[in-house]
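# Tertiary structure, described
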Amino acid sequence: MARSALLGSSLAKKYWMALTGLFLCIFLIAHLAGNLQLLDMSPDGQLKFNAYAKFMTTFPLVKVVSYLLYASILFHAFDGILLALQNRKARPVRYHYEKAGANSTWYSRQMALLGTLVLVFLVIHMKGFWYEMHWGDLGLDADGNKDLYTLVAAAFSQPWYVAIYVVSMAVLAFHLLHGFASAFQSLGLNHPRYTPLIKNVGVFFAVVVPVFFALIPVWMFINA
Amino acid sequence: MTKLDSKIPAGPIDRKWTDHKGHIRVVAPANKRRIDVIVVGTGLAGGAAAASLAELGYNVKAFCFQDSARRAHSIAAQGGINAAKNYQNDGDSVYRLFYDTVKGGDYRAREANVYRLAEVSANIIDQCVAQGVPFARDYGGLLDNRSFGGVQVSRTFYARGQTGQQLLLGAYSALMRQVGKGAVQMFDRHEMLDVVVVDGKARGIIARNLITGEIERHGAHAVLLCTGGYGNVFFLSTNAMGSNVTAAWKAHKRGAFFGNPCYTQIHPTCIPVSGTHQSKLTLMSESLRNDGRIWVPKKLEDARAIQEGRKNGKDIPEEDRDYYLERRYPAFGNLVPRDVASRAAKERCDAGFGVNKTGEAVFLDFSSAFERYGKVEANVRKIENPSPEEILRLGKEVVAAKYGNLFDMYENIAGENPYERPMKIYPAVHYTMGGLWVDYNLQTTVPGLFALGEANFSDHGANRLGASALMQGLADGYFVIPYTVGDYLADDIRTGPIKTDTPEFDAAEKEVTDRIAHFLNNQGTKPVDDFHRRLGKVMWNKCGMARNAQGLQEAIAEIRQIREEFWKDVRVPGKADELNQELEKAGRVADFLELGELMCLDALTRNESCGGHFREEYQTPEGEALRDDEHYAFTSAWEWTGDAGAANLHKEPLVFEEVKLTQRSYK
Amino acid sequence: MGTMKLTLKIWRQSGPNDKGKMVSYPVNDVSEDMSFLEMLDVLNDELVRNGDDPIAFDHDCREGICGSCSLFINGEAHGPGRGITTCQLHMRKFKDGDVIQVEPWRAGAFPVVKDLVVDRSAFDRIQAAGGFVSVNTSGNLVDGNAIPIPKNDADSAFDAATCIGCGACVATCTNSSAMLFVAAKVSQFALLPQGRPEARKRVLAMVEQMDKEGFGNCSNTGACEVECPKGISLEHIARMNREYVAASVTKDR
């Protein structure tokens, strides 16, 4: 069986990892932008957030994009696991002594682990909010929208729940710290002039986005 | 007695090769498919030959002892490859390359072969460029050149300090293309241990699979030996650890005459020996002599102070330095041929002027190059009134761009920064001009057995010029053998596959297995390297840069002694049917122990000095090599008679029709 | 200059089917001028004299260009130090009393032959799949200067072409990926006009063979570039990625 170059080969798998990964990065920005509304804990802010949540779950174009998003997450995870398994198989006998720190960062070598942790987080996260929003038994707010805000506020009043989020965002940060720039490399976008810029943007992105995400539960916990 | 027939074609020298190619027989494409050719060795000559013959349609089996064809020692050639392209418009031509090579070889090469080499040299460059070899280029995108020793034009093409690597990878890629097509069957980690001769013709080889230890028989209509030189007979040389004479020596014992075994090239710019643990010597490219100046102190007390570590090169003022090559050879200066430069270094060191603790090193100094390039660079960068420090810094940058990898290599090995302190260098065994005697068609005295590249004796006379080894290897492999082997094989189109279940193959295989069994059952006490090291010392001291009759006679006696002890007392652990590196070494050293004696015998017989062969009894009043053209204008071709010391000398007279024999002068 | 006493922990494996284990050897009188391989020579000399089986390891040119030597020393391919092969590693990098771990390259695609010797023929097969320019060796070609090549391209092609095929990239990669090796060859030819006509076919064929050999996937950790004795850059991997995507979307079927 000849392997289709655009699906089966090792390089193609990497393109898809990169493309889905970068798409997820764009999603992170959009998601963060919306969620930052949670920092406004006034009654007015609550109504605005619930209206936003309704829009995000019902507007057709957003729905289409969201299916693409689910597909991307699943593909990124599935492809990643497949790659990780192949990689393990490629070295059946491990080294007795390896000084990998001398030539690469630990998080670049642990993308599969970090990704798995992010996936576990996603399950918790989606079960907690996304599932409830779609199929849960949520009350309605003053405007008659599903009151997601109250659910979120209740969740983030529990210290362990906040802790999961903060730790998960740290995990995400390391995943992005390697993943962002790595995606460009996988797509072949490497140029002596622009690669340093991509790397710097990647570091900025990997720090700022998770920090802001983590800020939300912490903020809500403190101000509850 | 076999008569030596060099088969030089008739006619004027510049028509010989063209006419010869036009008149020799060829094999039709359909018939080539019925012919098997064995190529042993995958360096420039072997890789190029195997690829070219497969492309023509022959069934090729290629063998190398390394784990991949890409690792043959051609890969280590640094400086470059000569070609008469005259891109620099400095007066180069085929004739000038031919003339320089004959003169550089001290008039001991065969004119017709050298002319052919110069003729095809330009094709090599075109061929390699087409294969994707990334030669150095200038800003206009055209090929760049540099100069090498012994010539006054810039005709050397290069790829930084790794020209051999790039050319070999070019040949390797051509070879792998044929392997991918199935036209070449590649046998790596296989060592050829004998040639099988049937009815006077080479019809196959016995090889050992180095992984499983299995002894294999391979039949073919012709066998090409492209197995490199035998510099490792000196134990310490710039050759790879695995480089050996075994294939050539077995061929010799099966009837191939050995040509000029005593012609050894001692390369002047190597990193000096640091201790008894040393396993090999590292060459610093001759291209360094373009910009580096070689010197020793003028005063003995300065030299002694340096030897004792009280002073270093920088402490010696300019007026107390003896740039002895510039002094003795003003016309060529630091770029005299290798044999001349090496002997001059030895002469100074023997006189007590050496500059390391053993007194066996001279300086190779770049300080004037730093200054010269620094000034130019300051002009280029429009820096007005640059300070001396600035000039030095800029100059070091330019030198680093040209030779950075060599400087790093030096620092790594010698543990000294060559940008701050002048390098120390000393001559070391590098190349062997001698090898299997071949005729114009590269055929040895055994029909069907050919020798290419360094393995033959043919093109460099008594001394090879820099950047000519790569040229010869590729010329033989790409452009000579594809024609000449066809002429021989034209008789074999109806022979059919060579059978390997014959008494000749039985006998050859038995000899191989008996020898292996002897080594493994020997119960000796000393490792192979012990004997090899002893042999090397004898060869270096008595058959090295300078030789004399008494030393050579002693050497022969000592080598016989070592050989006797070796067979009695060598210890080879392990088994025959596994990867056994000590066993491999034992076989190779056994052959070196016979070759060494022949080299001494050849050196003793040649009562003259020429090129790399310097007999102390025969020198001019200025200490230059003194040839004796009346009695020694011939190639020695030695015939094996059953004992290394009783070899039979045949002479191929060298007839010079084009070049007038003169005392080589580089003054 | 004093000499050092060292303890070597070396992987011993009698053959492909043996399980193998680390074995300790004391070595005395190690001079700092020795190369790492010369130090192993000294140990082997002693082993032979004592009637033991010497340690098998690959080596040939001992000047950092043939790519034969291949040891994983103290957790790094070709040991500590950058831009060098094992044969260029000198003992002055170590100090008296050090314990040094020596293992073979480890990758499924590089099976152990004996002790520290591995089988790297996968590289040859990748090369045979497409690592060449299909020209005849006739010499009757256009003049070498007929097509000027921009100096930058020629230099970059050379940088890629300096690969010695030692396999340090595979050995050091956490995924045993051969991307740097394959990319170096693909990139060299992609940069030169002579290599362009076959560029697409070449990259597809070489990657397919690379995958078949069972090397892992590249995850851009960059370890290969750091440990590569010739300092071959990740840029070449990116170039191969570009070449590959262009080739896969434009190929006929």
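Residues numbered from 1 in each chain as written. Chains lettered and ligands numbered in written order. Predicted model: local features only at pLDDT ≥ 70, side-chain atom pairs only at ≥ 80, totals over all residues. Heavy atoms only, no water.

## Quick word on the overall build of chain B
- Looking only at helices and strands, chain B features 18 helices and 19 strands.
- Whereas a compact globule of 667 residues would reach a radius of gyration of roughly 26 Å, chain B reaches 25 Å, a difference of no more than 12%.
- Along the three orthogonal principal directions, the C-alpha set of chain B runs to about 80 × 60 × 50 Å.
- Counting across all 667 residues of chain B, residues that qualify as buried make up 66%.
- Of the contacts formed within chain B by residues at least 6 apart in sequence, a portion of 75% connects residues at least 24 apart.
- Carbon and sulfur atoms make up 49% of the accessible area of chain B, which totals about 22200 Å². (Helix = DSSP H or I, 4+ residues; strand = E, 2+ residues; numbered from the N terminus. Rg over C-alpha atoms; globule rule 2.2 N^0.38 Å. Buried < 20%, exposed > 50% of the residue type's maximum accessible area, 1.4 Å probe, protein only. Contact = heavy atoms within 4.5 Å. Areas by Shrake-Rupley, 256 points an atom, 1.4 Å probe, with all protein chains shown as cover.)

## Examining the overall build of chain A
- Broken down by element type, chain A carries eight helices and zero strands.
- Counting from the amino terminus, chain A carries its helices and strands in the arrangement α-α-α-α-α-α-α-α.
- Dimensions along the principal axes, computed over C-alpha positions, put chain A at roughly 60 × 40 × 40 Å.
- Per-residue burial for chain A yields a buried fraction of 42% across its 224 residues.
- Taking the contacts inside chain A whose residues are at least 6 apart along the sequence as the reference set, 73% of them involve residues at least 24 apart.
- Element-wise, carbon and sulfur atoms account for 74% of the exposed surface of chain A, whose accessible area totals about 12100 Å².
- Distance from the positive charge centre (16 side chains) to the negative charge centre (9 side chains) of chain A: 24 Å. (Lys, Arg positive; Asp, Glu negative; His and termini not counted. Charge placed at Lys NZ, Arg CZ, Asp CG, Glu CD.)

## Here we look at the nonpolar core
- Residues F156 of chain A, I81, F135, L224 and F366 of chain B together with F215 of chain C are the most contacted members of the largest nonpolar core, which totals 283 residues.
- The element contributing the most residues to this core is helix α17 (residues 581-605) of chain B, with 13 residues.
- The contacts of F156 of chain A, once residues within four sequence positions are left out, are F129, Y161, V162, Y165, I216, P217, M220 and F221 of chain A.
- Membership of the second largest hydrophobic core comes to 28 residues, among which are I10, Y25, L40 and F57 of chain C. (Core = buried A, V, L, I, M, F, W, Y, C linked by side-chain atoms within 4.5 Å.)

## Thoughts on the interface of chain C and chain A
- Each partner contributes residues to the interface: chain C has 50 residues there, and chain A has 35 residues.
- Here chain C and chain A share an interface that buries about 3400 Å² over both sides, 52% of which is from carbon and sulfur atoms.
- Three residues stand out in chain C for area buried against chain A, namely R106, N217 and N220 of chain C, and they jointly supply 18% of the buried area on that side.
- At the boundary of chain C with chain A, the tally comes to one salt bridge.
- Between E76 of chain C and K99 of chain A there is a salt bridge, with its nearest N and O atoms 4.0 Å apart.
- Mapped by element, the contributors of at least two residues to the side of chain C that touches chain A are β5 (99-104), α4 (168-172), α6 (199-212), α7 (223-227) and α8 (235-250) of chain C.
- Of the residues forming the side of chain C that touches chain A, the biggest block, ten residues, is contributed by α8 of chain C.
- Tallied by class, the residues present in the side of chain C that touches chain A amount to 24 nonpolar, 17 polar and nine charged. (Buried area = accessible area lost by both parts, 1.4 Å probe. Salt bridge = Lys/Arg side-chain N within 4 Å of Asp/Glu carboxyl O. Nonpolar A, V, L, I, M, F, W, Y, C, P; charged D, E, K, R; others polar.)

## Regarding the sheet that holds strand β3 (residues 71-73) of chain C
Residues and elements named next belong to chain C.
- If you trace the five strands from one edge of the open sheet to the other, you get β2-β1-β5-β3-β4, paired in mixed fashion. Strand pairing shows two members of the sheet lacking a second neighbour, β2 (21-30) and β4 (76-77), which therefore form its edges.
- With two bridges connecting them, β3 and β4 associate as antiparallel partners. Residue pairing for β4: F72 is matched across the bridge by A77.
- Sitting on the sheet, helix α1 (residues 36-49) touches β1 (4-12), β2, β3 and β5, and the angle it makes with β1 is about 80 degrees. (Pairing = 2+ DSSP bridges. Axes fitted to C-alpha atoms, helices over the stretch in contact; angles between N-to-C directions.)

## What about the pairing of β1 of chain C?
Residue and element names in this part refer to chain C.
- When β1 meets β2, the two strands line up antiparallel, connected through eight bridges. Note that in β2 the partner of L6 across the bridge is V27.
- Here β1 runs beside β5; their pairing, made up of four bridges, is parallel. Directly across from K9, in β5, lies its bridge partner Q101.

## A closer look at the packing of helix α5 (residues 179-191) of chain C against α6 of chain C
Residues and elements named next belong to chain C.
- Where α5 contacts α6, the two axes come as close as 10 Å, and the packing angle between them is 165 degrees. Regarding the angle of α5 to α6, the classification is roughly antiparallel. Crossing hand, α5 versus α6: right-handed. Contact residues: M179, V182, K185, V186 and F189 in α5; R202, V203, M206 and M210 in α6.
- Residues of the contact of α5 with α6, tallied by class, amount to seven nonpolar, no polar and two charged. (Parallel < 35°, antiparallel > 145°, perpendicular 65-115°, else oblique. Left-handed = near helix turned anticlockwise from the far one by under 90°.)

## Things to note about the pattern of salt bridges
Residue and element names in this part refer to chain B.
- Under the defined criterion, the tally for this structure stands at 89 salt bridges over all chains.
- With a closest N to O distance of 2.9 Å, R15 and D19 form a salt bridge.
- Between K396 and E420 there is a salt bridge; the shortest N-O distance is 3.2 Å. Placement of the pair is K396 in helix α12 (residues 388-414) and E420 in the loop between α12 and β15 (423-432), with a sequence separation of 24 residues.
- By relative accessible area, K396 is classed as buried at 17%.
- Classification of E420 by relative accessible area gives partly exposed; the value is 39%.
- A single network of salt bridges, built from pairs that share partners, joins D106, R108, D339, R343, R606, E608, R627, D629 and R664.

## A few points about the interface of chain B and chain C
- Across the boundary between the two partners, chain B contributes 76 residues, which contact 75 residues of chain C.
- Carbon and sulfur atoms make up 50% of the area that chain B and chain C hide from each other, which totals about 6100 Å².
- Connecting chain B to chain C are seven salt bridges.
- Between R189 of chain B and D58 of chain C there is a salt bridge, with its nearest N and O atoms 2.8 Å apart.
- A total of eight residues in the side of chain B that touches chain C trace back to one element, the largest contributor, which is helix α6 (residues 163-181) of chain B.

## Remarks on the packing of aromatic side chains
Residue and element names in this part refer to chain B.
- Scanning the model with the defined rule gives 53 aromatic pairs over all chains in all.
- Aromatic side chains F332 and Y666 sit 4.7 Å apart centroid to centroid with 90 degrees between the ring planes, which places their arrangement in the edge-to-face category. Taken together, the residues F332 in the loop between α9 (324-328) and α10 (338-350) and Y666 in the segment after β19 (648-653) connect sequence positions 334 residues apart. Both residues of the pair, F332 and Y666, count as buried.
- Judged by centre distance (5.4 Å) and plane angle (85 degrees), the ring pair of F531 and F566 falls under edge-to-face. (Phe/Tyr/Trp six-rings, centres within 6.5 Å; stacked < 30°, edge-to-face > 60°.)

## What about the environment of H90 of chain C?
All names here are of chain C.
- Take H90: it is sitting in the loop between β4 and β5.
- For the pair H90 and L47, spaced 43 residues apart in sequence, the C-alpha to C-alpha distance is 22 Å.
- Looking at H90, its side chain comes within polar contact range of the main-chain oxygen of Q88, at 3.2 Å. (Polar contact = N/O pair within 3.5 Å; in protein donor to acceptor, adjacent residues only side chain to side chain.)

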